[in-house]
Amino acid sequence: MVKKVDHWTTGAETSATTGIECFQRPRMTRPRTSGLGLAALLCMLVLPVGGEICGDAVCSYRFVVRRARTMTHTRTVQGWEQNNQVSITNDGHLELFTTLTLDSNRDDVNGTRVSADDVITADGVQRNVILVNGQFPGPAIEVMEGAQVAVTVVNQLMTDAITIHWHGLHMRNTPWMDGVPSVTQCPITPHESFTYRFRAFPAGTFYYHSHMSRQMADGLFGALIIHNSQTTIPSFPLLLNDWYHEEAETLDIASKYNLYHRGAGQFERAEPSRGYSVDGIEIAVRQFVSALINGRGRYKSNKAPLSKFTVEEAQKIRIRLIHAGGDHNFKVSIDQHALRVLASDGHDINPLTVDAIIVSPGERYDFEVDASASPGLYWVRAETLREGTCVTCSSENITLTPDDIVEDSRAVLVYQGSSSDEDPTSQARQCTPENPCIFLNCPFEGYPEDRQIVCISIANTSNPTSAQDYAAEDEDVEEYFLNFGFEVGTNINGHRFLPPTAPLYQSPRTNMIIPCPLENCQQGCKCTHILDLPFNKTIQFVLASYQNSRFANSHHNIHVHGYTFDVVAMGYASFDRITGVFKDSNPDVVCSNKRCTTVTWRQGSPSFNIKNAPQKDTVLMPAHGYTVVRFRSDNPGFWFLHCHQSMHLAEGMAMVLNVAADRHPAPPSGFPKCGNFSWSEEEYEAAVSGVWPPNQKEPARHETWELVVAVLGSAAGGAAVATGLMMWLQKRRNSNSN
């Protein structure tokens with residue numbers, strides 16, 4: 001039986017716990033430190049990051065995060081590093097230029113051609129970008145399933161704190177490594193380092209990205225591939241992301257939907273001029289500028305270099321599609337080539353052949369391409385779902401006017417031996433009644449009949465392995481309805497999420513959160529929205545997108561941290577088969593109150609596809625419809641659930657799942673703490689008068705040195721450094737005691 005749960009709380013109290021060890025067990029033989037000075041010890045670093053598969057039991061990496069400028073070239077002149085701006089010629093070459101005409105070392109700069117491999121071009125327009133180890137996107141991590149992964153993140157940003165989320169990984173027994181600021185950890189402030197350590201599980205295609213503000217939109221992301229066997233065919237990541245010419249912080253400050261203070265909205269479209277998908281749903285509020293594939297794209301008609309995927313004729317390749325952006329859904333296809341889809345969000349599905357995949361932020365798809373076409377160059381296309389603008393936009397009627405605006409990014413599939421100096425001239429396959437095109441993961445039921453396109457719902461795919469035991473056999477299901485409609489702004493069940501002031505693993509939590517009212521937020525409320533879940537139960541979420549207004553809804557993409565869920569049902573709005581525009585919300589679900597902040601089943605739940613349901617961690621749900629997912633609550637911790645559309649997340653479409661509050665694993669000793677601070681008048685007077693409270697004392701000198709050693713060891717990047725520093729400190733103590 002399915003038990004609907006209506007009791008919402010702010011979470012049970014947890015005990016205080018501390019710390020993560022700065023000194024990790026080294027992977028290499030302990031270094032001999034006799035005669036070594038401190039400076040020499042700081043030169044010992046862990047292994048550099050590469051694209052090769054690490055087959056070790058422990059795989060260690062060091063990520064140095066900093067900002068740089070796109071369209072800039074670095075060279076060495078007379079022993080000095082010299083940076084110059086880069087321009088794009090009409091025929092697509094890159095040339096240096098400078099305005100520093102009085103610098104004699106730059107006399108030969110203007111017009112000097114440089115390789116695209118030496119320039120971070122993005123879309124050919126200069127702006128700031130966040131780099132990891134000097135790369136954009138960040139370097140790929142590839143490890144074997146079950147390996148211990150250690151990533152020391154060194155923050156060299158000038159003013160911004162960061163965290164890294166390992167998207168799709170379960171972090172079982174290490175939930176404080178999940179990388180959500182103020183929920184699972186304190187942000188890593190400038191000049192600090194933090195070592196993430198976790199088990200590589202499950203196997204599949206994942207990625208890492210900043211979870212601090214919208215730094216992901218500035219470039220802080222990279223591929224994370226976990227293998228369960230050695231690869232047999234060539235494999236390439238395809239990281240796709242939206243790209244803007246303003247930094248993410250500027251976009252957030254200017255947003256008229258800002259949760260804290262509304263901006264002027266100059267980077268957002270007015271409702272009549274926004275782009276709409278074929279079903280009459282807004283594709284995004286923010287203006288599209290450009291998009292990138294593996295860090296490259298073009299702004300308008302410039303000739304910036306594009307990413308290329310090289311294949312041999314008759315060869316099969318595996319492409320790991322990762323949507324690392326934050327705003328638009330994209331339709332991905334390769335001209336004249338079918339896509340054989342093998343996995344979604346790292347989990348296998350029974351293979352199916354399609355012409356295009358619709359992918360939303362946070363989702364991943366693995367597919368094979370058979371290089372069986374005539375040798376040459378073919379476009380790899382990633383297009384938004386824009387079909388036109390809305391002529392009539394009201395609760396009664398929605399009418400679209402198609403336009404010729406194409407919002408896209410492109411890369412090139414190159415057959416080996418073909419000249420790749422020119423752009424492809426290929427065309428997408430024509431869809432016909434005899435041979436219709438097949439699109440996977442449409443967020444609506446279908447296209448107009450005359451388009452000859454067949455949509456396959458992700459809920460109608462299947463897992464090749466047997467059904468999970470809990471999904472097939474457990475009849476005692478705890479059911480929760482989560483509505484993401486816009487009736488009271490960007491919310492979940494009327495709640496707009498305000499983050500805690502400190503990680504929830506610190507105690508007492510009640511001093512760090514804004515509690516939600518005990519009654520439902522029918523009129524909307526801003527609070528730290530936490531849902532308590534019991535341990536080891538089958539949890540069923542009905543993810544809905546319902547509101548009273550037909551206009552201004554959205555296709556939300558919902559990500560659940562810490563879990564893989566089964567997609568057991570998906571209900572779409574009805575649509576006009578001539579125009580494609582939706583007509584009515586799916587009738588299975590109805591609003592529970594006047595403002596539609598909560599929903600429920602109209603007449604009991606529909607049938608579910610329990611057997612061999614596809615498994616995901618991020619799902620694109622239909623507007624005016626619902627998606628039903630199930631998982632077993634067997635991974636205790638605080639887990640973030642949110643819309644992965646960046647504007648929606650920033651505006652409060654998020655919540656925390658407090659799973660098995662009495663079973664949370666304690667963080668390691670020394671785990672960083674943070675939060676609000678205040679002190680009393682009496683304490684101040686005692687301080688200025690020299691009478692310090694008796695429980696305060698100045699740290700002993702050896703304690704201060706331990707702190708210095710911890711910071712330097714972590715910043716230097718590794719276990720060997722930390723071990724050597726500790727040995728050096730012990731020798732200093734011994735000499736002082738003598």
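Residues numbered from 1 in each chain as written. Predicted model: local features only at pLDDT ≥ 70, side-chain atom pairs only at ≥ 80, totals over all residues. Heavy atoms only, no water.

1. So, the overall build of the protein chain
From N to C terminus, the protein chain includes 7 helices and 45 strands. Here the protein chain holds 738 residues, and the buried ones make up 55% of them. Across the protein chain, every contact between residues at least 6 apart in sequence was considered, and the portion connecting residues at least 24 apart equals 76%. About 31,300 Å² of surface is accessible on the protein chain, with carbon and sulfur atoms providing 49% of the total. (Helix = DSSP H or I, 4+ residues; strand = E, 2+ residues; numbered from the N terminus. Buried < 20%, exposed > 50% of the residue type's maximum accessible area, 1.4 Å probe, protein only. Contact = heavy atoms within 4.5 Å. Areas by Shrake-Rupley, 256 points an atom, 1.4 Å probe, with all protein chains shown as cover.)

2. Examining the sheet that holds strand β5 (residues 80-88)
Strands sit in the order β4-β5-β6-β7 across an open sheet of 4 strands; the sheet is antiparallel. The sheet is open, and its two edges are formed by β4 (72-77) and β7 (113-114), each paired on a single side. Examined bridge by bridge, β4 and β5 share 6 bridges and lie antiparallel to one another. If you follow Thr74 over to β5, its bridge partner there is Asn83. (Pairing = 2+ DSSP bridges.)

3. What to know about unusual backbone geometry
With an omega dihedral of -10 degrees, the bond running from Phe136 to Pro137 counts as a cis peptide bond. Position of Pro137 among the secondary structure elements: in the loop between β8 (128-132) and β9 (138-144). Cis peptide bonds are those with omega within 30 degrees of zero, and the linkage from Phe201 to Pro202 qualifies with 0 degrees. For Pro202, the position within the fold is in the loop between β12 (193-199) and β13 (204-210). Residues other than glycine seldom take positive phi values, yet Asn612 does so here, at roughly 55 degrees. Within the fold, Asn612 resides in the loop between β40 (599-601) and β41 (615-616).

4. Details of a negative patch on the surface
Residues Glu681, Glu682, Glu683 and Glu685 make up a contiguous surface patch of negative charge. Residue placement: Glu682 occurs in helix α5 (residues 681-688). Assessed through its relative accessible area of 57%, Glu682 is described here as exposed. (Patch = residues over 30% accessible without salt bridge, like charges linked within 9 Å, V, L, I, M, F, W, Y side chains within 5 Å. Salt bridge = Lys/Arg side-chain N within 4 Å of Asp/Glu carboxyl O. Lys, Arg positive; Asp, Glu negative; His and termini not counted. Charge placed at Lys NZ, Arg CZ, Asp CG, Glu CD.)

5. Looking at the state of the cysteines
Taken as a whole, this structure holds 7 disulfides when the rule is applied. Each disulfide pairs two cysteine sulfurs, and for Cys186 the partner residue is Cys674, the sulfurs being separated by 2.2 Å. Every disulfide takes its handedness from the sign of the S-S torsion; for Cys186 and Cys674 that torsion is -100 degrees, giving left-handed. You can see Cys186 sitting in the loop between β11 (164-167) and β12 and its partner Cys674 sitting in the loop between β45 (654-659) and α5, a full 488 residues away along the chain. Of the residues examined, Cys186 reaches a relative accessible area of 8% and is grouped as buried. Given the relative accessible area of 29%, Cys674 is considered partly exposed. A disulfide bridge connects Cys516 with Cys527, and the sulfur atoms are separated by 2.1 Å. The chirality of the disulfide connecting Cys516 with Cys527 is right-handed, given an S-S dihedral of about 90 degrees. One end of the pair, Cys516, is in the loop between β31 (495-497) and β32 (525-527); the other, Cys527, is in strand β32, with 11 residues separating them in the sequence. For the pair Cys516 and Cys527, a shared accessibility class is recorded, and that class is buried. (Disulfide = S-S within 2.5 Å.)

6. Quick notes on the packing of aromatic side chains
Taken as a whole and assessed by the stated rule, the structure comprises 23 aromatic pairs. Geometrically, the ring pair formed by Tyr505 and Phe638 is edge-to-face, given 5.1 Å between the ring centres and 70 degrees between the ring planes. Separated by 133 residues along the polypeptide, Tyr505 in the loop between β31 and β32 and Phe638 in strand β44 (residues 637-643) bring together distant segments of the chain. Note on accessibility: Tyr505 and Phe638 belong to one class, buried. Each ring, one from Trp601 and one from Phe608, has its centre 6.4 Å from the other, and the planes form 45 degrees; the classification is tilted. In this structure Trp601 comes out as buried when scored by relative accessible area, which is 10%. Through a chain of ring-to-ring contacts, the aromatic side chains of Phe63, Trp166, Trp176, Phe194, Tyr196, Phe198, Tyr208 and Phe671 assemble into a single cluster. A cation sits over an aromatic face here: Arg127 above Trp243, 4.3 Å from the ring centre. (Phe/Tyr/Trp six-rings, centres within 6.5 Å; stacked < 30°, edge-to-face > 60°. Lys NZ or Arg CZ within 6 Å of the ring centre and 35° of its normal.)

7. Re a nonpolar patch on the surface
A cluster of nonpolar residues, Phe677, Trp679, Tyr684, Val688 and Trp692, forms a patch on the protein surface that exposes about 610 Å² of accessible area. Mapped onto the fold, Trp679 is located in the loop between β45 and α5.

8. Here we look at the sheet that holds β44
Sheet architecture is open: 5 strands sit in the order β33-β45-β44-β35-β42, paired in mixed fashion. Taken across any chain shown, the strands that pair with only one partner, and hence form the sheet edges, are β33 (530-533) and β42 (618-620). Averaged over all adjacent pairs, the angle separating strand axes in this sheet is 20 degrees, with direction ignored. As paired strands, strand β35 (residues 557-560) and β42 are joined by 3 bridges and run antiparallel to one another. Its bridge partner being in β42, Ile558 is matched across the sheet by Val619. (Axes fitted to C-alpha atoms, helices over the stretch in contact; angles between N-to-C directions.)

9. Some details on the pairing of strand β17 (residues 308-311)
Taking every second residue as pointing to the same face, the buried face of β17 carries Phe309 and Val311, while none of Lys308 and Thr310 on the other face is buried. Here β17 runs beside strand β27 (residues 408-415); their pairing, made up of 4 bridges, is parallel. Looking at the pairing, Lys308 lines up with Val412 of β27.

10. Section: the environment of Leu620
Relative to the elements of secondary structure, Leu620 occurs in strand β42. Considered as a pair, Leu620 and Ile458 are 162 residues apart in the sequence and their alpha carbons are 8.8 Å apart. Contact partners of Leu620, with chain neighbours within four places excluded, come to Asn329, Ile358, Ser360, Glu363, Asn441, Pro443, His555, His556, Asn557 and Met570.

11. So, the pattern of salt bridges
For side chains bearing opposite charge, pairing can occur when the charged atoms are close. One pass over the full model with this rule turns up 27 salt bridges. We note a salt bridge from Arg67 to Asp160, for which the minimum N-O separation is 2.9 Å. Of this pair, Arg67 sits in strand β3 (residues 58-69) while Asp160 sits in the loop between β10 (148-155) and β11, and the two are 93 residues apart along the sequence. Residue class for Asp160 comes out buried when judged on its relative accessible area of 18%. In this structure, a network of salt bridges that share partners links the residues Asp345, Glu363, Arg364, Lys616 and Asp617.

12. Let's talk about the nonpolar core
If you look at the biggest cluster of nonpolar residues, it comprises 106 residues, and the most contacted ones within it are Trp166, Phe541, Leu641 and Leu657. For Leu641, the contacting residues outside a window of four places in its chain are Leu482, Phe484, Ile492, Phe541, Ile558, His559, Val560, Ala654, Met655 and Leu657. Counting residues in hydrophobic clusters, the runner-up holds 17 residues, among them Leu131, Phe136, Ala140 and Ala324. (Core = buried A, V, L, I, M, F, W, Y, C linked by side-chain atoms within 4.5 Å.)

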